[in-house]
Amino acid sequence: MKKLIPVLALLTVCTAVSLTPSSASAVPKLDIKVAVGVGSTTIVPRFPTADLYEGNDPANPGEYIGTVGGSNPATFPNWGMQLAARVTFDNKVFTELAAGFSRFYFNYGPQLQTFALWLGEDPAEVDRLAGQRIRMNQMEIPLTAGYRPYANPYFKIFVYGGLVNTFNIRGFVELDGRRKALKFRPRDVPGYKIAPYLAGARVGAQFDLGPLNFDFNYTIGINSLTKTEFRTNTHVFKFFLGWLF
């Protein structure tokens with residue numbers, strides 16, 4: 001019973017607020033937005049520095065196969081589409097909830113191959129991906145809030161920040177002219193093991209020009225992109241062009 005008292009009190013306050021008369025100017029404005037966008041994804045794997053050998057036995061390490069280590073940033077294109085709902089209140093504060101599909105690309109390069117072999121991954125799987133560009137499909141759910149510093153009947157400016165929930169869904173590799181010759185789950189990438197969930201902190205700015213919406217944003221990954229002993233940072237830039245309803 002004691003646990004119900006705070007809940008009932010909260011419901012009472014919310015009900016009272018909802019029943020309070022308000023002027024027409026205080027009614028929140030809802031905008032529905034459909035948008036498509038392009039951008040870049042910079043992946044920064046922080047490999048541990050080490051000389052790698054065929055075997056892991058210090059007494060008999062085997063043949064030297066290479067060295068990995070340090071930060072190795074690489075930038076690749078991305079694109080996406082989303083459906084969003086933006087609610088602007090009378091005090092110029094707004095919130096926006098969106099859901100969308102996105103895709104980014106990365107190369108299965110020599111250093112990643114070397115590290116995968118050192119971890120004991122299947123050499124046949126590593127060779128099959130060697131030098132290939134991997135496409136990773138994602139589902140994004142950004143939840144942001146911000147402020148509208150300027151507005152007139154034709155032009156509005158919004159600045160915002162918030163959390164982006166990204167779910168890595170499935171990867172594809174093109175081989176022998178077939179766009180989806182290889183299909184795999186994110187964690188199945190040899191030596192990389194992409195995390196199924198990535199949280200990101202986003203900051204950005206939007207501009208409304210009539211029914212057109214221009215959205216520029218930057219997202220930094222909070223957790224590692226990979227489920228490995230090394231951390232992989234991400235930096236994502238996106239530009240969306242949307243239509244408001």
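Shown above is the structure to which this text applies.
Residues numbered from 1 in each chain as written. Predicted model: local features only at pLDDT ≥ 70, side-chain atom pairs only at ≥ 80, totals over all residues. Heavy atoms only, no water.

A. Highlighting the overall build of the chain. A tally of regular secondary structure across the chain gives three helices and ten strands. Listing each helix as α and each strand as β along the chain from the N terminus yields α-β-β-β-β-α-α-β-β-β-β-β-β. The long-range share in the chain, meaning contacts at least 24 apart out of those at least 6 apart in sequence, stands at 69%. About 13,400 Å² of surface is accessible on the chain, with carbon and sulfur atoms providing 65% of the total. (Helix = DSSP H or I, 4+ residues; strand = E, 2+ residues; numbered from the N terminus. Contact = heavy atoms within 4.5 Å. Areas by Shrake-Rupley, 256 points an atom, 1.4 Å probe, with all protein chains shown as cover.)

B. Structural context of the pairing of strand β8 (residues 197-209). Where strand β6 (residues 155-175) lies against β8, 13 bridges are found, and the strand directions are antiparallel. Paired with Asn165 across the two strands is Ala199, which belongs to β8. Both β8 and strand β9 (residues 212-221) contribute to a ladder of ten bridges, which runs antiparallel. Of the residues in β9, the one forming a bridge with Gly200 is Gly221. In this structure, the hairpin formed by β8 and β9 is closed by a connection of two residues, where Gly210 is found at a positive phi of approximately 65°. (Pairing = 2+ DSSP bridges.)

C. Highlighting empty space enclosed by the protein. Applying the stated criterion to the full structure yields three cavities of 30 Å³ or more. Here the largest cavity is characterised by a volume of approximately 180 Å³. Residue lining of the largest cavity: 20 residues in total, with Gln138, Glu140, Thr166, Leu198 and Val236 positioned closest to the centre. Contributions of two or more residues to the lining of the largest cavity are made by β1 (29-53), β4 (93-107), β5 (133-151), β6, β8, β9 and β10 (232-244). Ranked by the residues each element gives to the lining of the largest cavity, the list is headed by β8, at four residues. In terms of residue class, the lining of the largest cavity is made up of eight nonpolar, nine polar and three charged. Estimated volume of the second largest cavity: approximately 70 Å³. What lines the second largest cavity is Gln82, Glu96, Ala98, Pro142, Thr144, Tyr160, Arg202, Gln206, Asp215, Asn217 and Phe240. Of all the secondary structure elements, the ones that give two or more residues to the lining of the second largest cavity are β4, β5, β8 and β9. The class makeup of the residues in the lining of the second largest cavity is four nonpolar, four polar and three charged. (1 Å grid on protein atoms, 1.4 Å probe; cavity = no way out; pocket = protein on both sides within 12 Å on 5 of 7 lines; lining within 4 Å. Points joined across faces, edges and corners; volume = space filled by probe spheres on them. Nonpolar A, V, L, I, M, F, W, Y, C, P; charged D, E, K, R; others polar.)

D. Examining the pattern of salt bridges more closely. Overall, the coordinates contain ten salt bridges when judged by the stated rule. The salt bridge partner of Lys29 is Asp31, with a shortest N-O separation of 2.6 Å. Taking relative accessible area as the criterion, Lys29 reaches 44% and is therefore assigned partly exposed. By relative accessible area, Asp31 is classed as buried at 8%. Ionic pairing is found between Asp208 and Arg86, a salt bridge with its closest N-O pair at 2.5 Å. Pair noted here: Asp208 is in strand β8 and Arg86 is in strand β3 (residues 74-88), with a separation of 122 residues, a long-range link. Each member of the pair, Asp208 together with Arg86, is buried. (Salt bridge = Lys/Arg side-chain N within 4 Å of Asp/Glu carboxyl O. Buried < 20%, exposed > 50% of the residue type's maximum accessible area, 1.4 Å probe, protein only.)

E. Layout of the nonpolar core. In this structure, Phe106, Tyr108 and Tyr192 are the most contacted members of the largest nonpolar core, which totals 24 residues. Sorting the residues of this core by element identifies β1, β4, α2 (110-118), α3 (123-129), β5, β6 and β7 (178-184) as the ones contributing at least two each. Not counting the four nearest positions on each side in its chain, Tyr108 is found in contact with Gln113, Ala116, Val126, Leu129, Ala130, Gly131, Gln132, Ile134, Val189 and Pro190. (Core = buried A, V, L, I, M, F, W, Y, C linked by side-chain atoms within 4.5 Å.)

F. Up close: the layout of surface pockets. In this structure, the largest pocket spans a volume of roughly 220 Å³. Lining the largest pocket are 13 residues, with Pro45, Asn72, Ala74, Asn107 and Leu112 positioned closest to its centre. Class assignment of the residues belonging to the lining of the largest pocket gives a composition of nine nonpolar, four polar and no charged.

G. Structural context of a nonpolar patch on the surface. On the surface, a cluster of nonpolar side chains totalling about 750 Å² of accessible area is made up of Leu97, Met139, Ile141, Leu143, Leu163, Phe167, Ile169, Tyr197 and Ile222. Elements supplying a minimum of two residues to the nonpolar patch: β5 and β6. Relative to the assigned elements, Leu163 resides in strand β6. Classification of Leu163 by relative accessible area gives partly exposed; the value is 36%. (Patch = residues over 30% accessible without salt bridge, like charges linked within 9 Å, V, L, I, M, F, W, Y side chains within 5 Å.)

Nothing here speaks to function; it is geometry throughout.
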